[in-house]
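Spelled out, the chains give:
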Amino acid sequence: MNLSILDVASTLPSFFLNPWVNGLILGIMVLGVFISFRVLNIADLSVEGIIPMVAMLSVAMINANINPWLVILISMGIGAVCGIINSLLTTYLKIPPLLSGIIVMALTFGIAIMINSLNAGQVSFDATTHLTAFNWLRNLLGDISKDRTYLVYASYLSYILVALVVMLVLWFALYFFFGTELGMSIRAAGKNPAMARANGINVNLMNMLALALSGALIGASASLYGQHNGMALPTDGQGMIVIALSSLFLGEILLGHKDFKRSLISVAVGSLVYWYIIQVLMLIDTQGFMLSIYKALLLVVILGLQIGISEFRKRHPRKPSGAKGNENNQNQVEGPSLKESIVRHCLGETTVC
């Protein structure tokens, strides 16, 4: 009887807490895809190659006893380099962005296969003997009690707390960066390249910075993903773009994306909700091979909902708020600089970020 209770207690975290772990770790990847897809209007498929390559490199670095936080920073640098290569292919070779993303995906996937071959098909580490970004907290919490049920919850708590802190740091950094003049120039270059270029903004440079930032976020997510699993495979990137876009669209359905702040919040919320849906679908997928099909169908449903909601709002627009109230709000905000005003004009904005 006691064994049965313990088994049930050990399966409950898997259902309720796994979505938090996956949603936070891969939610950082969704932030990276958000920059390329929503800020630059580029469908960047390189994520499916960057994830396994960086995850395998992170696992290899952990196996070499490199500090896990330094591993994350190095992984962000590797991801940023991949983003820069992606941008250079488009800027100088005039390759379409979609095709350049596929090229980078193929390149990074090939590197992942090479790393896997050099390690005899097994890129992993022993979490009991190697320090990661998660297990230091798990070991600290584990010293409090050795109860089996407590240790299960302590393990999940360590994953969630560390991933949450990293997610919040990167989220706030993104929010404040895209509120600066440089960040707004990137947004302007993505939304209206012709007008941005006419107002003196180097569109090619802005696109390169944005893709580098996107790649850095994907690299951070891949590093945490590898450190969480304790191993990495070349196939880890399969379907990641579907996961990212599904989370992004789902968050926009739930919270909308009227302004940049709400868009960033919707990314985090959408990622969590998406993984709860996946957790339910995993219960339905008793045979274990239908989950990829379910994920694809879920993306179709989410896209259908988003298009339907968009059409409904077009046919039933909300009444605009009074101009007088807008004037009062504008009088309370300090006037922007001339260059910032130009950037806001490119973005079609009249209010702060």
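Above this note sits the structure.
Conventions we followed
- Residues numbered from 1 in each chain as written.
- Predicted model: local features only at pLDDT ≥ 70, side-chain atom pairs only at ≥ 80, totals over all residues.
- Heavy atoms only, no water.
- Phe/Tyr/Trp six-rings, centres within 6.5 Å; stacked < 30°, edge-to-face > 60°.
- Helix = DSSP H or I, 4+ residues; strand = E, 2+ residues; numbered from the N terminus.
- Buried < 20%, exposed > 50% of the residue type's maximum accessible area, 1.4 Å probe, protein only.
- Contact = heavy atoms within 4.5 Å.
- Axes fitted to C-alpha atoms, helices over the stretch in contact; angles between N-to-C directions.
- Parallel < 35°, antiparallel > 145°, perpendicular 65-115°, else oblique.
- Left-handed = near helix turned anticlockwise from the far one by under 90°.
- Nonpolar A, V, L, I, M, F, W, Y, C, P; charged D, E, K, R; others polar.
- Salt bridge = Lys/Arg side-chain N within 4 Å of Asp/Glu carboxyl O.
- Patch = residues over 30% accessible without salt bridge, like charges linked within 9 Å, V, L, I, M, F, W, Y side chains within 5 Å.
- Areas by Shrake-Rupley, 256 points an atom, 1.4 Å probe, with all protein chains shown as cover.
- Polar contact = N/O pair within 3.5 Å; in protein donor to acceptor, adjacent residues only side chain to side chain.
- Expected span 1.5 Å × (residues − 1).

Caption draft 1: Looking closely at the packing of aromatic side chains. According to the stated counting rule, one finds 10 aromatic pairs in the structure shown. The interplanar angle of 25° and the centroid separation of 6.5 Å between the aromatic rings of Phe 172 and Phe 176 together place this pair among those described as stacked. Here Phe 176 and Phe 172 lie together in helix H7 (residues 148-177), a separation of four residues that amounts to about one turn. The exposure class of Phe 172 is partly exposed, given its relative accessible area of 41%. The exposure class assigned to Phe 176 is exposed, which follows from its relative accessible area of 53%. Summarising the aromatic geometry, the rings of Tyr 274 and Trp 275 are spaced 5.6 Å apart at their centres and angled 85° between planes, so their arrangement reads as edge-to-face. Each member of the pair, Tyr 274 as well as Trp 275, carries the same accessibility label: buried.

Caption draft 2: Layout of the side chain of Asn 207. As for its position among the elements, Asn 207 is in helix H10 (residues 203-229). For Asn 207, the residues in contact, after removing those within four places along its chain, are Leu 40 and Ser 87.

Caption draft 3: Highlighting the packing of helix H11 (residues 240-255) against helix H12 (residues 260-284). Closest axis-to-axis distance for the H11/H12 pair is 6 Å, and the angle between their directions is 115°. Relative to H12, the element H11 is oriented roughly perpendicular. The two elements H11 and H12 cross, and the hand of that crossing is right-handed. Along the contact surface, H11 presents Ile 243, Ser 246, Ser 247, Leu 248, Leu 250, Gly 251, Glu 252, Leu 254 and Leu 255, while H12 presents Arg 262, Ile 265, Ser 266, Val 267, Val 269, Gly 270, Ser 271, Val 273, Tyr 274, Trp 275 and Ile 277. Looking at side-chain class alone, the contact of H11 with H12 contains 12 nonpolar, six polar and two charged residues.

Caption draft 4: The arrangement of the pattern of salt bridges in detail. Going through the model one piece at a time under the given rule, you end up with one salt bridge. Glu 252 is the partner of Arg 38 in a salt bridge, and the nearest nitrogen-oxygen pair spans 2.7 Å. Here Glu 252 lies in helix H11 and Arg 38 lies in helix H2 (residues 18-39), a separation of 214 residues in the sequence.

Caption draft 5: Spotlight on a nonpolar patch on the surface. A grouping of Trp 69, Leu 131, Trp 136 and Leu 140 is seen on the molecular surface, where their side chains present a nonpolar patch of about 410 Å² in accessible area. Of note, Leu 131 is situated in the loop between strand E1 (123-124) and helix H6 (135-142).

Caption draft 6: Local environment of the environment of Leu 182. Note that Leu 182 resides in helix H8 (residues 181-191). Residue classification places Leu 182 among the partly exposed residues on the basis of a relative accessible area of 37%. Sequence separation between Leu 182 and Leu 209 is 27 residues, and the spatial gap between their C-alpha atoms is 9.8 Å. In this structure, Leu 182 is in contact with Phe 177, Met 206 and Leu 209, ignoring residues within four places of it in sequence.

Caption draft 7: Region of interest: the side chain of Ser 46. With respect to the helices and strands, Ser 46 occurs in the loop between H2 and helix H3 (47-63). A residue is classified by how much of its surface remains accessible, and Ser 46, at 2% relative accessible area, is buried. There is a polar contact of 2.8 Å between the side chain of Ser 46 and the side chain of Asp 44. Apart from residues lying up to four places away in sequence, Ser 46 is in contact with Asn 86, Gly 101, Val 104, Met 105 and Thr 108.

Caption draft 8: Structural view of helix H13 (residues 291-315). The end-to-end C-alpha distance of H13, which contains 25 residues, comes to 36 Å, matching closely the 36 Å that a straight helix rising 1.5 Å per residue would cover. Those residues of H13 not exposed but buried are Leu 291, Lys 295, Leu 298, Leu 299, Ile 302 and Gln 306. The elements touched by buried residues of H13 are H2, H11 and H12.

Caption draft 9: Fine view of unusual backbone geometry. One non-glycine residue with positive phi stands out, namely Asn 65, at about 65°. Within the fold, Asn 65 resides in the loop between H3 and helix H4 (68-92). On the basis of relative accessibility, which here comes to 57%, the residue Asn 65 falls in the exposed class. With a phi close to 60°, Lys 94 is a non-glycine residue in the positive phi region. Among the secondary structure elements, Lys 94 is positioned in the loop between H4 and helix H5 (97-118).

Purely spatial values, then, with no claim about function.
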